[in-house]
Amino acid sequence: MELSEHIKTANVEDVTLRRPFHSALRGTLCVTSHHILFSDRKDEDSWQLLILLRNIDSTEKRVVGSSGTITIKCKDLLVLQLEIPGMEECLNIASSIEALSALESVTEMYPFFYRPSQLTLHGPWGLSSTEKYYKQTERLWDRWRVSTVNSDYSVCPSYPHAVIVPREVDDEKLVQSARFRQGGRFPVLSYCHHRNGMVIMRSSQPLTGANRKRCKEDELLLQAVIDGSVLGYIIDLRSTQQAQQARMTGGGFESKSCYSHWKRIHRHHERGKVLQESLIKLVEACSDPSHSVDRWLSKLENSKWLSHVHSALSTAGLVVECVERDGHSVLVHGSEGTDSTLLVSSVAQLILDPASRTLIGFLGLLERDWIQAGHPFQQRCAHSAYSHARLKQECPSFLLLLDCVWQVWRQFPLALEFSEALLLRLAQEVYASNYGTFLCNNEQERCAAGVKENTHCLFQSLLSPDVEKQYLNPLYEPTDLAIWPSVHPQSLQLWTGLFLRWTEYAQNMEEAREEVWSIVKEHRERAGPDLTNNTPSTHCDTLTPFENLMDELTIL
């Protein structure tokens, strides 16, 4: 079926648009295969609103007499209202939006049609790869190697074609280890610490089952990881009870008798439906201005969203403590290894690795440890917080990551080269984008769909000179030190820039923030090179939060 066949009414005149902070506008509404366009059609200073249909999470229609109203709730949490003259036109527009906003075929989505004049489809796609990361990380060369055992994606469908593994473990052992891990996700390297060479590994759970099966090759792989060390830590992102119960369904955990040099620590993390429902409750609380303060705070607490942020940051801190302070390597896994595992390992890298705190380094981290590592974006981000559809595999794991990064940015306003604006842009792009970066669920699917050959890369666009400056932090001062975010309840705050984005409060905050940035830039330009040479700080071993700076700047 052609996309145009879903469009029963393409244009409607005299439509009234209502949106936050603006007076109602009357104009023309147009529906295309991938967008809805509203234009006030004035002779001078014509104003237009273009919304990607993929960004629409739900529609609610109400017909009264010969006209109707469509309420559009977007995945970026914007809510619009269209008042459309003519009952038939209203129903046709609603039907078209519902059909075209829920396309399932990847190649029918807008990134395959987006052709900006300043970008070309020819040339490299993306910022990083396993091979490039290995080549740039000299400390890996002695004990680690790049394996292409998964070149045809037969060993692990959700892994990239190349992974980094211990040099002394051959490909046959990797195949056997993959058969012993859920989904074939055998232990692979995520990060090697620049100070002591200790590593963060990630995988899925071992398939020990009720009969306590073991795999010699898997045991040898993990032994090779800590070769020469006394001990390694396994951070299991499930409670002890959940891990025990997993054995009854074929899963399990690494037993002390088989992995004698590894110490297992359990840290329970919610995932899947629980996280999605938490997001829904949070957005519901933030969307209703009629609540009293006490009622709003109660609904915020009941959503448990900040509890999930706390869990992610505290577990990432535990990983960092094992690697940085104790000098031990770590294996992180939950059940599938595609959600909480990626969340914890990437937040830990942000805390540990100064390169990951630069703009290009952070985007490279997302590419390696989320996109190439097989986070199922298409499944997890099919809907946001407003959808009425029955939950399937939706889960805001990536949004939770961005919230954790925002908490770090807020506590350490000098330590990250990028600003909140980048995090907000990513939060929008992951649900609906002109670019192909977040399409599909893994590298195998992207190759089959021809994503790299037929779409543009978001990260490369963000790094273009005219775009990059929008996302830089003018307060940035690089440091080689680890940054340790506080996880005390009073230290964690609601990400107002995202969850209250379309409220008057957020608009006022944005104006204040822009004013602060202009003051900071002007001050630095006057101060000269002493404040702008970005010399790394080396006066202590770690950095602790300087939480009040942003609050003081905001008061300015």
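Let me sum up the structure you'll find in this document. (Residues numbered from 1 in each chain as written. Predicted model: local features only at pLDDT ≥ 70, side-chain atom pairs only at ≥ 80, totals over all residues. Heavy atoms only, no water.)

For the protein chain, the count of helices and strands is 20 helices and 16 strands. Dimensions along the principal axes, computed over C-alpha positions, put the protein chain at roughly 75 × 60 × 55 Å. By residue count, 56% of the 556 residues in the protein chain fall in the buried class. Here the protein chain has roughly 24700 Å² of accessible surface; of this, 49% comes from carbon and sulfur atoms. Positive and negative side-chain charges in the protein chain, numbering 56 and 69 respectively, have mean positions lying 7 Å apart. (Helix = DSSP H or I, 4+ residues; strand = E, 2+ residues; numbered from the N terminus. Buried < 20%, exposed > 50% of the residue type's maximum accessible area, 1.4 Å probe, protein only. Areas by Shrake-Rupley, 256 points an atom, 1.4 Å probe, with all protein chains shown as cover. Lys, Arg positive; Asp, Glu negative; His and termini not counted. Charge placed at Lys NZ, Arg CZ, Asp CG, Glu CD.)

This part is about the nonpolar core. Within the largest apolar cluster, 133 residues are counted, with the highest numbers of intra-cluster contacts made by Phe186, Phe362, Phe398, Leu426, Phe459 and Phe499. Dropping the residues within four chain positions of it, Phe499 is found in contact with Leu77, Leu279, Leu282, Val283, Cys286, Trp305, Asp403 and Leu494. If you look at the next biggest cluster of nonpolar residues, it comprises 26 residues, including Leu78, Cys90, Ala94 and Ile97. (Core = buried A, V, L, I, M, F, W, Y, C linked by side-chain atoms within 4.5 Å. Contact = heavy atoms within 4.5 Å.)

The terminal C-alpha atoms of helix H6 (residues 273-287), which comprises 15 residues, lie 21 Å apart, in line with the 21 Å expected from a rise of 1.5 Å per residue. On the buried face of H6, the contacting elements are helix H7 (293-303), helix H8 (305-325), helix H12 (397-411) and helix H18 (496-499). (Expected span 1.5 Å × (residues − 1).)

Along the chain, Asp76 turns up in the loop between strand S6 (67-74) and strand S7 (79-85). This buried residue, Asp76, is left without a salt bridge; Arg501 holds the nearest opposite charge, at 4.9 Å. Leave out the neighbours within four places in its chain, and Asp76 touches Asn55, Gln428, Arg501 and Trp502. (Salt bridge = Lys/Arg side-chain N within 4 Å of Asp/Glu carboxyl O.)

Once that is clear, we can look at the sheet that holds strand S2 (residues 25-31). Strand order in this open sheet of seven strands is S4-S3-S2-S1-S7-S6-S5, and the pairing throughout is antiparallel. Edge positions in the sheet fall to strand S4 (48-52) and strand S5 (56-64), since each has one partner strand and no second. For this sheet the average axis-to-axis angle between neighbouring strands, irrespective of direction, equals 30°. Those strands touched by helix H1 (residues 87-100) are strand S1 (11-18), S2, strand S3 (35-39), S5, S6 and S7, and its axis lies near 165° from that of S5. (Pairing = 2+ DSSP bridges. Axes fitted to C-alpha atoms, helices over the stretch in contact; angles between N-to-C directions.)

Here the structure, examined in full by the defined rule, presents 12 aromatic pairs. Ring geometry for Tyr110 and Tyr114: centres 5.8 Å apart, planes at 45°, overall tilted. An identical accessibility class is assigned to Tyr110 and Tyr114; each is buried. These aromatic residues form a ring-pair network of at least three members: Trp370, Phe377, Phe398, Phe438 and Phe459. Lying across the ring of Trp484, Arg325 places its NZ or CZ 4.1 Å from the centre. (Phe/Tyr/Trp six-rings, centres within 6.5 Å; stacked < 30°, edge-to-face > 60°. Lys NZ or Arg CZ within 6 Å of the ring centre and 35° of its normal.)

Okay, the pattern of salt bridges next. A complete count under the given rule lists 15 salt bridges for this structure. Two residues, Arg18 and Glu83, come together in a salt bridge whose shortest N-O distance is 2.6 Å. Taken together, the residues Arg18 in strand S1 and Glu83 in strand S7 connect sequence positions 65 residues apart. The residue Lys173 makes a salt bridge to Asp170 at a minimum N-O spacing of 3.4 Å. Under the relative-accessibility criterion, Asp170 is labelled partly exposed at 36%. Through salt bridges with shared partners, a single network forms among Arg181, Asp218 and Glu254.

Another point: the side chain of Ser340. Inspection of the secondary structure puts Ser340 in helix H9 (residues 340-352). Among all residues touching Ser340, those that are not within four sequence positions of it are Leu237, His269, Glu270 and Arg271.

This part is about unusual backbone geometry. Even without being a glycine, Asp14 presents a positive backbone phi close to 60°. By secondary structure assignment, the location of Asp14 is in strand S1. Its identity is not glycine, yet Tyr153 carries a phi of approximately 65°, on the positive side. Accessibility expressed as a relative area gives 12% for Tyr153, which makes it buried.

Here Gln245 is to be found in helix H5 (residues 240-246). Judged by its relative accessible area of 46%, Gln245 falls in the partly exposed class. Remark: the alpha-carbon pair of Gln245 and Ala210, spanning 35 residues in sequence, is separated by 9.3 Å.

All right, on to the environment of Ala385 then. Assignment of secondary structure puts Ala385 in the loop between helix H11 (377-380) and H12. With 108 residues separating them along the chain, Ala385 and Glu277 place their C-alpha atoms 8.1 Å apart. Among all residues touching Ala385, those that are not within four sequence positions of it are Asp57, Leu77, Leu279, Ile280 and Val283.

Turning next to the sheet that holds strand S13 (residues 262-266). Spatially, five strands are ordered S10-S11-S14-S12-S13 in an open sheet, and the strand pairing comes out mixed. Two strands bound the open sheet, and with one partner strand each, they are strand S10 (188-192) and S13. Taking each pair of neighbouring strands and ignoring which way they run, the sheet shows an average axis angle of 25°. Pairing of strand S12 (residues 232-236) with S13, which is carried by five bridges, proceeds in the parallel orientation. Paired with Gly232 across the bridge in S13 is Trp262.

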